[in-house]
Amino acid sequence: MPRRRPPSRPRRDFAPPHADVQEHRAGQDWYVRRLTGAAATKTYTCPGCHQPIRPATPHVLVWPVVKPLLADEAIDARRHWHAACWQRAVHL
């Protein structure tokens, strides 16, 4: 007797936590990458509140769209923000 296959689960369309999203702020387009606590291993200073982002704290990495990520200028332009500070940021 042939075996029956279990019904397949519905596919969810969502971006993984490391996917880059484009956002428009202050007249400029930005790539925003959401980082999980597990991915955060160093201490950074948030440009929004000037407070430390401690290791294992979820936060966002932001850089301008006009520059490719691996270009020297883009690496210099990327910043780690608290997610709440980035949401409140209206000018950069």
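Each remark here, short or long, concerns the structure printed above.
Remember, predicted model here, so these are calculated numbers, not experimental data.

Enquirer: Would you take a moment to explain the overall build of the protein for this structure?
Expert: Along the protein, the regular secondary structure elements total 2 helices and 6 strands. Written out in order from the N terminus, the α and β elements of the protein read β-β-β-β-β-α-β-α. Within the protein, buried positions represent 25% of all 92 residues. Sequence separation of 24 or more characterises 45% of the internal contacts of the protein that already satisfy a separation of 6 or more.

Enquirer: Can you walk me through the pattern of salt bridges in this structure?
Expert: When their charged atoms lie close together, side chains carrying opposite charge are able to pair. Following the criterion strictly, the structure yields 3 salt bridges and no others. The salt bridge partner of Arg25 is Glu23, with a shortest N-O separation of 3.2 Å. With a relative accessible area of 13%, Arg25 lands in the buried category. Accessibility expressed as a relative area gives 15% for Glu23, which makes it buried. In this structure, Glu23 engages Arg34 in a salt bridge whose closest nitrogen and oxygen atoms are separated by 3.4 Å. Of this pair, Glu23 sits in strand β1 (residues 20-25) while Arg34 sits in strand β2 (residues 28-35), and the two are 11 residues apart along the sequence. Bridged by salt links that share partners, the residues Glu23, Arg25 and Arg34 form one connected network.

Enquirer: What am I meant to see in the pairing of β2 here?
Expert: Each regular strand carries side chains that alternate between the two faces of the sheet. Note that β1 and β2 share 6 bridges and pair antiparallel. In the strand pairing of β2, Arg25 is matched with Gln28. What sits between β1 and β2 in their antiparallel hairpin is a turn of 2 residues, with Ala26 showing a positive phi close to 50 degrees. Pairing of β2 with strand β5 (residues 59-64) involves 6 bridges; the strand directions are antiparallel.

Enquirer: How should I be thinking about the sheet that holds β1 in this particular structure?
Expert: Strand pairing in a sheet takes place through backbone hydrogen bonds and is either antiparallel or parallel in direction. Spatial strand order, β1-β2-β5-β6: 4 strands in an open sheet with antiparallel pairing. Pairing within the sheet leaves two strands with one partner each, and these edge strands are β1 and β6 (79-81). Taking the axes of each pair of neighbouring strands and ignoring which way they run, one obtains an average angle of 35 degrees across the sheet.

The rules behind each value
Residues numbered from 1 in each chain as written. Predicted model: local features only at pLDDT ≥ 70, side-chain atom pairs only at ≥ 80, totals over all residues. Heavy atoms only, no water. Helix = DSSP H or I, 4+ residues; strand = E, 2+ residues; numbered from the N terminus. Buried < 20%, exposed > 50% of the residue type's maximum accessible area, 1.4 Å probe, protein only. Contact = heavy atoms within 4.5 Å. Salt bridge = Lys/Arg side-chain N within 4 Å of Asp/Glu carboxyl O. Pairing = 2+ DSSP bridges. Axes fitted to C-alpha atoms, helices over the stretch in contact; angles between N-to-C directions.

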